[in-house]
Amino acid sequence: MNAEEMLDFALGQLDDPRRRELEEAARNDPEFGARAHRVRQAVQYLVDDGYSYNPPPGLSRRTLALVADARRGRRSILDYVPVQLPFRWADFAVAASIFIAGVLTLLPAIQKSRDRMNQAGCMFNLGQIGRSLEQYASNHLSYPYPPNHRAEAHSGLYAAILHDAGCLHDVSILDCPSNGVCTSVRDAKHLDSFDQIDDLRKSDPARYQKLVSWDYGYNAGYRRDSGRPGPIDARPASLIAVIADQPPHDAHLGVIDRNSPNHRGTGQNVLYSDGGVRWHSNRRMSPVDRDLYLNNARRMQPGLNQHDSVVLPVRVPFIGTDGR
């Protein structure tokens, strides 16, 4: 018989004929009887829960001591820090130097990219102003110019003349993005009339200075054969620089080697009478127009002829200044 049948016999799970047969075999075969007895006794030990056993002496004390030792031996994160660092401080210094060198290498590229973006934004603004001038020129014989009784008006009021004519609606385009944000220009919803702003120049100079602070200077014209200044013709025979980034602050001294401060002295955008905008890295416009900000006599005054373009600061009169 196999072990499975022996276990069924010990548990009394066999059918009567087979059970009686094995009981008879156990009485007649002492060895088989002893084996069956051992299996029944082992099974009895498994199913009998009537016995109780006392724990070994001191078991609870030893258990508590084992738990306490385990708590004391618990490792913190500091236990995983190696006693000796895998690198030296010299290695750290070298890595830091490489990182700093990389950052210093990237900074000029980032600045150059920002300058190009601002330069493009400036060209866009001048293009918008060019459309305003084109609209104005379609109804007038010349570009913006004050009436004779306002000859002392500042050249920057070309913007007010355009606004009065309904040709300039967005005042924010007068602010060059490369020169930082001018809040007085960016926040302005509209401009007062030409006469109101010119009167403000006399009645409240401080407010006038704050109001007329845009970044683009204007070509206030040239002197006729009579010697009197006048505006640029609306449709000149050749390209004339009409508006550009503002002149350097010392241009009135006759200084000829400094570019507009709008683009950190790297150059200036120039709007021409054909509506095109061009970038110039210096102030020389052509062989007959040697300086964008001074006339050919090196003065901050109207040009000596229509090809002698002079872009004046916004707070210099249309008739120019004799100051040096």
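Structure shown above.
Here the structure is a predicted model, which is why all the values come from computation and not from measurement.

What counts, and where the lines are drawn
- Residues numbered from 1 in each chain as written.
- Predicted model: local features only at pLDDT ≥ 70, side-chain atom pairs only at ≥ 80, totals over all residues.
- Heavy atoms only, no water.
- Patch = residues over 30% accessible without salt bridge, like charges linked within 9 Å, V, L, I, M, F, W, Y side chains within 5 Å.
- Areas by Shrake-Rupley, 256 points an atom, 1.4 Å probe, with all protein chains shown as cover.
- Salt bridge = Lys/Arg side-chain N within 4 Å of Asp/Glu carboxyl O.
- Buried < 20%, exposed > 50% of the residue type's maximum accessible area, 1.4 Å probe, protein only.
- Helix = DSSP H or I, 4+ residues; strand = E, 2+ residues; numbered from the N terminus.
- Polar contact = N/O pair within 3.5 Å; in protein donor to acceptor, adjacent residues only side chain to side chain.
- Pairing = 2+ DSSP bridges.
- Arc of directions from axis to C-beta.
- Core = buried A, V, L, I, M, F, W, Y, C linked by side-chain atoms within 4.5 Å.
- Contact = heavy atoms within 4.5 Å.

Participant: Can you tell me about a nonpolar patch on the surface, naming the residues and giving the values?
Facilitator: Where nonpolar side chains cluster on the molecular surface, the patch consists of F99, I100, V103, L104, L106, L107 and I110 and spans about 690 Å² of accessible area. The class for I100 is partly exposed, based on a relative accessible area of 48%.

Participant: Break down the pattern of salt bridges for me, with residues and values.
Facilitator: Taken as a whole and assessed by the stated rule, the structure comprises 9 salt bridges. Across the pair D195 and R150 runs a salt bridge, and its minimum N-O distance is 3.5 Å. Residue D195 is located in helix α8 (residues 194-203), and its partner R150 is located in the loop between α5 (89-137) and α6 (158-164); the two are separated by 45 residues in the primary sequence. Where R150 meets D198, a salt bridge forms, and the shortest distance between an N and an O atom there is 2.8 Å. Remark: D198 occurs in helix α8 and R150 occurs in the loop between α5 and α6; sequence separation between them is 48 residues. For the pair shown, R150 and D198 are each scored as buried. Overlapping salt bridges bring together R150, D195, D198, D199 and R201 as one network.

Participant: Can you explain the side chain of S172? Please cite residues and give values.
Facilitator: Mapped onto the elements, S172 comes out in the loop between α6 and α7 (183-186). You can call S172 buried: its relative accessible area is 15%. Among the polar contacts listed, one links the side chain of S172 to the side chain of D170, at a separation of 2.6 Å.

Participant: Residues and numbers for the pairing of strand β5 (residues 268-272), please.
Facilitator: Summarising burial for β5: 5 of the 5 residues are buried, a large majority. Of the two faces of β5, both are covered, the one formed by Q268, V270 and Y272 as well as the one formed by N269 and L271. Here β5 runs beside strand β6 (residues 277-280); their pairing, made up of 4 bridges, is antiparallel. Bridge pairing in β6 links N269 to W279. Taking the residues that link successive antiparallel strands as the turn, the β5-β6 hairpin has 4 residues, and the phi of G275 there is positive, at about 90 degrees.

Participant: Explain helix α1 (residues 3-11) to me, and be specific about the residues and the numbers.
Facilitator: Residues of α1 that are buried: M6, F9 and A10. Looking straight down α1, one finds its buried side chains confined to an arc of 100 degrees; they lie on one side.

Participant: How would you sum up the nonpolar core? Please name residues and give values.
Facilitator: If you look at soluble globular proteins, the nonpolar side chains tend to sit buried side by side. Core analysis: the biggest nonpolar cluster contains 53 residues, and I129, Y158 and I243 have the highest contact counts within it. Put simply, the parts of the chain that give this core at least two residues each are α5, α6, α8, β1 (216-219), β4 (241-245), β5 and β7 (311-312). It is α5 that provides the largest number of residues to this core, a total of 6 residues. Look past the residues within four positions of I129 in its chain and what remains in contact with it is I173, L174, Y216, I243 and L271. Core analysis: the second largest hydrophobic core is formed by 6 residues, M6, L14, L22 and A36 among them.

Participant: Tell me about the environment of R224, and name the residues and values.
Facilitator: Relative to the helices and strands, R224 resides in the loop between β2 (222-223) and β3 (229-230). Classification of R224 as partly exposed rests on a relative accessible area of 28%. As for R224 and N305, which are separated by 81 residues in sequence, their C-alpha atoms are 7.0 Å apart. The residues contacting R224, other than those within four sequence positions of it, are G230, P231 and D233.

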